[in-house]
Amino acid sequence: MPKIIETHAHIYDEQFDHDRNEMLKRAFATGVEQIWMPNCNHETIEKMLALEEQNPTQCLPMMGLHPCYVGEDFEKELEIVENWLLKRKFIMIGEIGLDFYWDLTFVPQQEKTFLQQLSFAKKHNLPICIHSRNSKDNSLNAIQRCCDLIEEFGWKELRGIFHCFSGNEEDAKRVISINFLLGIGGVVTFKNGGLDKFLVDIPLERIVLETDSPYLAPVPNRGKRNEVSYLDLVIDKIADIYKISADEVKSQTTVNAKKLIEI
């Protein structure tokens, strides 16, 4: 059975507190080799690192400040991120980015925070994991704005993942043009998700797998708690879109993920 890499799961979330070990066993039984854990803010670090300690080769942590947690104290939060990056190794800077969906109050601070964390990525030569969510009416495109800021930053070796990709074909082609990967999860199974219309035109070499657990469960579990073992549903849908086997999807996306963090 080809191994699978889950590139984005909040397995430290309180929704898993009552059955976390069982959830992880189900994930590993499906062939999941690694689970990459994005950080949110200072409050999530302890639980995330505890999971790494229990599963040191399987649960791998990132370090970063999520845009939804950017507020008036963002400079203090960034200092915490920077101090952790100086203490020890992480696989990525993340999750970082821009969120225009819930509240636009701190957008300037979100952009400043994003650019500061790009500097951390350059300093430590690490890839980044990007959260990019448009405004509710789609008048503000977070994917395109993140791409703008990456290009303005100007470090050509910058690489990473636009996690939970749910943009259109134009967005996807711009993301891969700046040497980033698309994190494909449950949205690909949604009837009106839109990804099935163009994903086949994106090279499979530019795609990695994720669930964003406990959020965004794939069909037929949409609306329920998501978990890592549901990656099989995402894999089957991608295989159907590309008209290839599930094993081919697993093998290529695993190569893509490993290449990203082993540079």
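Every value quoted in this text rests on a predicted model; they were computed, and no experiment measured them.

Conventions adopted
Residues numbered from 1 in each chain as written. Predicted model: local features only at pLDDT ≥ 70, side-chain atom pairs only at ≥ 80, totals over all residues. Heavy atoms only, no water. Helix = DSSP H or I, 4+ residues; strand = E, 2+ residues; numbered from the N terminus. Polar contact = N/O pair within 3.5 Å; in protein donor to acceptor, adjacent residues only side chain to side chain. Contact = heavy atoms within 4.5 Å. Core = buried A, V, L, I, M, F, W, Y, C linked by side-chain atoms within 4.5 Å. Buried < 20%, exposed > 50% of the residue type's maximum accessible area, 1.4 Å probe, protein only. Pairing = 2+ DSSP bridges. Right-handed = clockwise from strand over helix to strand, strands pointing away. Axes fitted to C-alpha atoms, helices over the stretch in contact; angles between N-to-C directions. Parallel < 35°, antiparallel > 145°, perpendicular 65-115°, else oblique. Left-handed = near helix turned anticlockwise from the far one by under 90°. Nonpolar A, V, L, I, M, F, W, Y, C, P; charged D, E, K, R; others polar. Salt bridge = Lys/Arg side-chain N within 4 Å of Asp/Glu carboxyl O.

1. Some remarks on the side chain of His8
And step 1. With respect to the helices and strands, the residue His8 is situated in the loop between strand S1 (4-6) and helix H1 (20-29).
And step 2. Among the polar contacts made by the side chain of His8, one reaches the side chain of His10 at a distance of 3.4 Å.
And step 3. One polar contact links His8 to His163, side chain to side chain, over a distance of 3.5 Å.
And step 4. When neighbours within four sequence positions are excluded, His8 is seen to be in contact with Trp36, Pro38, Glu95, Cys129, His163, Glu210, Thr211, Asp212 and Ser213.

2. Concerning the nonpolar core
And step 1. Residues Ile11, Phe162, Phe165 and Ile184 are the most contacted members of the largest nonpolar core, which totals 73 residues.
And step 2. In this structure Phe165 touches Ile143, Asp171, Ala172, Val175, Leu182, Gly183, Ile184, Leu195 and Phe198, once residues within four positions along its chain are discounted.
And step 3. Judged by nonpolar contacts, the second largest core, of 12 residues, contains Cys129, Ile161, Val208 and Ala257.

3. Section: the pairing of strand S2 (residues 32-37)
And step 1. A large share of S2 lies buried, amounting to five of its six residues.
And step 2. The pairing of S1 with S2 spans three bridges and is classified as parallel. Among the inter-strand pairings, Glu6 is bridged to a residue of S2, identified as Ile35.
And step 3. With H1 bridging S1 and the parallel S2, this β-α-β connection has right-handed handedness.
And step 4. The sheet contact formed by S2 and strand S3 (residues 59-61) spans three bridges and is parallel. Its bridge partner lying in S3, Met37 is registered against Pro61.

4. Examining the packing of helix H5 (residues 142-153) against helix H6 (residues 169-177)
And step 1. Following both chains from N to C, one finds H5 and H6 inclined at 20 degrees, their axes separated by 10 Å at the closest point. Our classification of the angle between H5 and H6 gives roughly parallel. In the packing of H5 onto H6, the handedness of the crossing is left-handed. Every residue of H6 that contacts H5 at Ile143, Gln144, Cys147, Asp148 and Glu151 is listed here: Glu170, Asp171, Arg174 and Val175.
And step 2. Of the residues in the contact of H5 with H6, the class split is three nonpolar, one polar and five charged.

5. Section: the pattern of salt bridges
And step 1. By the definition in use, this model includes 17 salt bridges.
And step 2. For the salt bridge of Arg88 with Glu52, the shortest nitrogen-to-oxygen distance reads 2.7 Å. Taken together, the residues Arg88 in the loop between helix H3 (74-87) and strand S4 (93-99) and Glu52 in helix H2 (residues 45-54) connect sequence positions 36 residues apart.
And step 3. Given a relative accessible area of 16%, Glu52 falls into the buried group.
And step 4. Ionic contacts of the salt-bridge type, sharing partners, join the residues Glu111, Arg145, Asp148, Glu151, Glu152 and Arg174 into one network.

6. A word on the sheet that holds strand S5 (residues 128-133)
And step 1. In spatial order, the strands read S4-S5-S6-S7-S8; together these five strands make up an open sheet with parallel pairing. Of all the strands in the sheet, just S4 and strand S8 (207-209) have a single pairing partner and so form its edges. Across the sheet, the axes of successive neighbouring strands diverge by a mean angle of 30 degrees, strand direction being ignored.
And step 2. For strand S7 (residues 180-184) and S8, the ladder comprises three bridges, and the chain directions are parallel. Bridging from a neighbouring strand, Gly183 pairs with Val208 of S8.
And step 3. Most of the contacts of H5 go to S5, to which it runs at about 140 degrees, and overall it touches S4, S5, strand S6 (160-162) and S7.
And step 4. Along the sheet face, helix H7 (residues 231-242) touches S7 and S8 and points at about 150 degrees away from the line of S8.

7. Considerations on the sheet that holds S1
Consider a sheet: its strands pair through backbone hydrogen bonds, and that pairing is either parallel or antiparallel.
And step 1. With parallel pairing, the three strands of this open sheet are ordered in space as S1-S2-S3. Bordering the open sheet on either side are S1 and S3, each of which pairs with just one other strand. Taking the axes of each pair of neighbouring strands and ignoring which way they run, one obtains an average angle of 20 degrees across the sheet.
And step 2. Together, S2 and S3 form the strand contacts of H2, whose direction differs from that of S3 by roughly 140 degrees.
And step 3. Contacts from helix H8 (residues 246-262) reach S1 and S2 within the one sheet, and its direction differs from that of S2 by about 45 degrees.

8. Here's the deal with unusual backbone geometry
And step 1. With an omega dihedral of 0 degrees, the bond running from Gly94 to Glu95 counts as a cis peptide bond.
And step 2. Relative to the elements of secondary structure, Glu95 occurs in strand S4.
And step 3. Cis geometry marks the peptide bond from Val219 to Pro220, where omega comes out at 10 degrees.
And step 4. Considering the arrangement of structural elements, one finds Pro220 in the loop between S8 and H7.
And step 5. A positive phi angle, close to 50 degrees, is found at Asn125, a residue other than glycine.
And step 6. Note that Asn125 resides in the loop between helix H4 (107-124) and S5.
And step 7. Not every positive phi belongs to a glycine, and Lys243 is a case in point at roughly 55 degrees.
And step 8. Relative to the elements of secondary structure, Lys243 occurs in the loop between H7 and H8.

Everything listed here is a matter of geometry and, on its own, says nothing about what the molecule does.
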